[in-house]
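A closer look at the structure
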Amino acid sequence: MLEIKIDGRWEPSDFIAIFQSIESFYYKIAIASHRRDYDLPYWLYDDYERWAFRRFDGVPFEVVLDRINFRMLERARYQTPAHLRIAVAKIQYASPGGIDLLGIGKVFETLSNSIGRMKSYYDDAALREERDAQAALDTQLKKIEVEKEKENLQALKIKNAEDALRILDARPELREALVPLLVRDQDAISGLIAEQKVISARVSDSDQEQD
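Quick caveat, the model's predicted, so the values are computed rather than measured.

What to know about the pattern of salt bridges
If you walk through the whole model with that rule in mind, you get 15 salt bridges. The salt bridge partner of Glu11 is Arg9, with a shortest N-O separation of 3.4 Å. Two residues, Lys159 and Asp163, come together in a salt bridge whose shortest N-O distance is 3.2 Å. With Lys159 and Asp163 both in helix α5 (residues 139-164) and four residues apart, this pair spans about one turn of that helix.

This is the structure in structure tokens:
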């Protein structure tokens, strides 16, 4: 079970964002890791992604990633066998509250680790912000620091994606295609962490959880 601790005031769009991001990340790894033959869904293949990028030529990159992720998620929702599907065990809306999800343990481990790293990043960034304010940095230097922070966060999301894809060591052909899509999946979760709405995540044992 993946237990996500939440806090603060949540709007419907926040719940939509976190569920869609987690589903999208989860199904990419879960489906590929449980298909040992070469009959993967076509939308997980490198060729499909290249075709999709050509189709959306001229559209901003993030919009392309969102469209591909949405199409993949739609297919995953109706093609994934019941025993591999992600399920909501509990939602407790309070301050603090929590969201409990059932699914494949090793995929939840990668999600939990990713959320933990991003939380540590923002905690460290808050400390750096206080330090910089005290140092009274000039405007130009502050802009440079902000850009460096963005680059560091993007590098962290890439690391999270690459670590998740280690589950798919037997499927190296999927790695290059999935990294940018998995990075995009983390953006909404990252935003909720930055707003201190997502506090932590951990994996606990559950009799209903898949291996």
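Brief notes about helix α3 (residues 61-79)
The end-to-end C-alpha distance of α3, which contains 19 residues, comes to 27 Å, matching closely the 27 Å that a straight helix rising 1.5 Å per residue would cover. Buried within α3 we find Val64, Leu65, Ile68, Asn69, Met72, Leu73, Arg75 and Ala76. For α3, the angular spread of the buried residues around the axis is 165 degrees, confining them to a single face.

Describing the environment of Ile29
Following the sequence through the fold, Ile29 ends up in helix α1 (residues 12-33). Once residues within four sequence positions are removed from consideration, Ile29 is found in contact with Val107, Ala164, Leu165, Ile167, Leu168 and Leu182.

Some points on the sheet that holds strand β3 (residues 97-102)
Each strand in a sheet pairs with its neighbour through backbone hydrogen bonds, running either in the same direction (parallel) or in the opposite one (antiparallel). As summarised here, the arrangement of the four strands in space is β2-β3-β1-β4, forming an open sheet in which the pairing is antiparallel. With partners counted over all chains shown, the strands left at the sheet margins are β2 (87-92) and β4 (198-203), one partner each. Direction aside, neighbouring strands of the sheet carry axes that sit 15 degrees apart on average. As judged from the five bridges shared by strand β1 (residues 2-6) and β4, these two strands associate in the antiparallel manner.

Criteria and thresholds
What you see as residue numbers is a count from 1 along each chain, following the sequence as written. Local features in this predicted model are restricted to residues whose pLDDT is 70 or higher, and side-chain atom pairs enter the listing and the counts only when it is 80 or higher, whereas totals over whole chains, interfaces and linings include all residues. The basis for the side-chain values is all heavy atoms of the structure; hydrogens and waters are excluded. Take a side-chain nitrogen of Lys or Arg and a carboxyl oxygen of Asp or Glu: if they are within 4 Å of each other, that pair is a salt bridge. Secondary structure elements are defined from DSSP: runs of H or I of at least 4 residues count as helices, runs of E of at least 2 residues count as strands, and each element is numbered from the N terminus. Every helix has an expected span of 1.5 Å times one less than the residues it contains. Relative accessibility thresholds used throughout: buried, under 20% of the residue-type maximum; exposed, over 50%; partly exposed, between the two (1.4 Å probe, protein chains only). Each C-beta atom gives one direction from the helix axis, and the arc is the one those directions make. Every residue pair with non-hydrogen atoms within 4.5 Å of one another is taken to be in contact. Any two strands with at least two DSSP-identified bridges between them are counted as paired. A fitted line through C-alpha atoms serves as each axis, taken over the contacting stretch for helices, and the angle formed by two N-to-C directions is quoted from 0 to 180°.

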